[in-house]
Amino acid sequence: MDFTFTEEQQAAVEAAGAVFGGVAPDGVPSPALTAGAVADDFDRALWAKLADADLLSLLLDSAYGGAGLDAIALCLLLRESAKVLARVPLLESTAAVVVMQEYGGEETKTELLARAGRGEVVLTVAANGRTGHEPAERAVTARQDGDVWVLDGVQTAVAWAHGADFVVVPAHTDDGRTLLALVPREHAGTVLGEQISTTGERLGELRLESARIPARRVIDAEGAWERLRELLTTGTCALALGLGERVLAMTSAYTGKREQFGFPVATFQAVAVQAADRYIDLRAMEATLWQAAWRISTVAVGGGAVGTGAVDSGAGGALPVAGDVAVAKIWASEGVRRVVQTAQHLHGGFGADTDCSLHRYHAWAKHLELSLGPAAAHEEALGDLLAAHPLG
């Protein structure tokens, strides 16, 4: 089997490298040096560069100006973006447009997809529920009233909510279905409060009080929310991998030049063993990430292949794709935490100095560790899957 990336995927990485190469992590606002939110909005200049490089439309069909690539290409982009702490809603907006393309109505797709691919419309997703420890779809109720859906409930910690044009909100109906509603940032019956992440970024607490959303902007299709959640979770794993790789590289460079007793500390066995353990963590994070990304890029939907441009390989597994996603998130959450903790330890006091960018990576790592559920939540989900699908 050939596990190398395709030429199109590699070209996307090269284009991403050119764009993200101009981002200096030291220039990313520091939560340790800023009272309140580090910024009111995401990095609009970087967003425009991503749009100009056609990186926001990679997963869209050619009919909407896209390249028709799959979730693997998205994860490759996200991996690069995390290395420089790119402050853009690349994951949330791309995942939302993919699900809209696969499950949405033609009117909404025509209205929004091409514009989203050009960066003119920004979407985000409310994926954390009321408390962050419950299914997001249970936090909001939806009832139909003629040609509109009426939403009530609260979604917390909505990433980039204050800068996005639409928030994709999962909600449950009385008969147990889950639908996705495209809620404008400013809309009657919605209140957007401010919350702040460990990264210092503004998050949104979205309160819905009889918010009326036209049926044309509601995706009421089986599997749409599961698909979106899997894309978001796998993308978060890609972000964790990219961040961890950069942090380990920073640690290697620092310990290679920092001397103690006349020798670089990297030559000390205790330092080398800790760094080697973190390298193993990263390789496990990488292997489980690509397994999950491959599964969600090849599983069939409605007789076709998901992940635009993907070829349905008939790839299956002992567990549903959710099992591979859970394994990837377990490794990502635990692995990125261990990587940054070891990096702080091996950097000594310098690692906590705000003149060093490591403290920024540590703050972002904690956010990624907990986003869409910590390792324990996914271990529980994996246990449920194993109970429902006995192996052997």
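Owing to the predicted nature of the structure, the values given are computational and were not obtained by experimental measurement. (Residues numbered from 1 in each chain as written. Predicted model: local features only at pLDDT ≥ 70, side-chain atom pairs only at ≥ 80, totals over all residues. Heavy atoms only, no water.)

Undergrad: Outline unusual backbone geometry, listing residues and values.
TA: With a phi close to 50°, Ala157 is a non-glycine residue in the positive phi region. Tracing the backbone through its elements, the reader meets Ala157 in strand S3 (residues 148-159). Given the relative accessible area of 25%, Ala157 is considered partly exposed. Although it is not a glycine, Leu372 sits at a positive phi angle of roughly 60°. Positionally, Leu372 belongs in the loop between helix H9 (358-370) and helix H10 (375-388). (Helix = DSSP H or I, 4+ residues; strand = E, 2+ residues; numbered from the N terminus. Buried < 20%, exposed > 50% of the residue type's maximum accessible area, 1.4 Å probe, protein only.)

Undergrad: Before we move on, could you go through the pattern of salt bridges and cite the residues and values that matter?
TA: Counted under the stated rule, the structure contains 27 salt bridges. Put simply, Glu245 and Arg79 hold a salt bridge, and the shortest N to O gap is 2.5 Å. With Glu245 in helix H6 (residues 224-257) and Arg79 in helix H3 (residues 71-83), this pair connects stretches of sequence that are 166 residues apart. You can call Glu245 buried: its relative accessible area is 15%. One salt bridge in this structure joins Asp281 and Arg338, with 2.9 Å as the shortest N-O distance. (Salt bridge = Lys/Arg side-chain N within 4 Å of Asp/Glu carboxyl O.)

Undergrad: Can you explain the pairing of strand S7 (residues 202-214)? Please cite residues and give values.
TA: In this structure, S3 lies alongside S7, joined through 10 bridges in antiparallel fashion. Counted as the bridge partner of Leu151 is Ala211 from S7. With seven bridges joining them, strand S6 (residues 190-196) and S7 adopt antiparallel strand pairing. The partner of Ile196 across the bridge, within S7, is Arg202. (Pairing = 2+ DSSP bridges.)

Undergrad: Describe in detail the packing of aromatic side chains, supporting the description with residues and values.
TA: What describes a pair of aromatic rings is the distance from one ring centre to the other and the angle between the planes of the rings. In total, this model carries four aromatic pairs according to the counting rule given. With centroids separated by 5.1 Å and ring planes inclined at 70°, the aromatic side chains of Phe5 and Trp290 adopt a geometry described as edge-to-face. In this pair, Phe5 is assigned in the segment before helix H1 (7-20) and Trp290 in helix H7 (residues 269-298), connecting sequence segments 285 residues apart. Relative to Trp47, the ring of Phe42 has its centre 5.6 Å away and its plane inclined at 65°; by these criteria the two rings are edge-to-face. Owing to a relative accessible area of 3%, Trp47 belongs among the buried residues under this scheme. These aromatic residues form a ring-pair network of at least three members: Phe42, Trp47 and Trp160. The aromatic ring of Tyr279 is capped on one face by Arg283, whose charged end is 4.9 Å from the ring centroid. (Phe/Tyr/Trp six-rings, centres within 6.5 Å; stacked < 30°, edge-to-face > 60°. Lys NZ or Arg CZ within 6 Å of the ring centre and 35° of its normal.)

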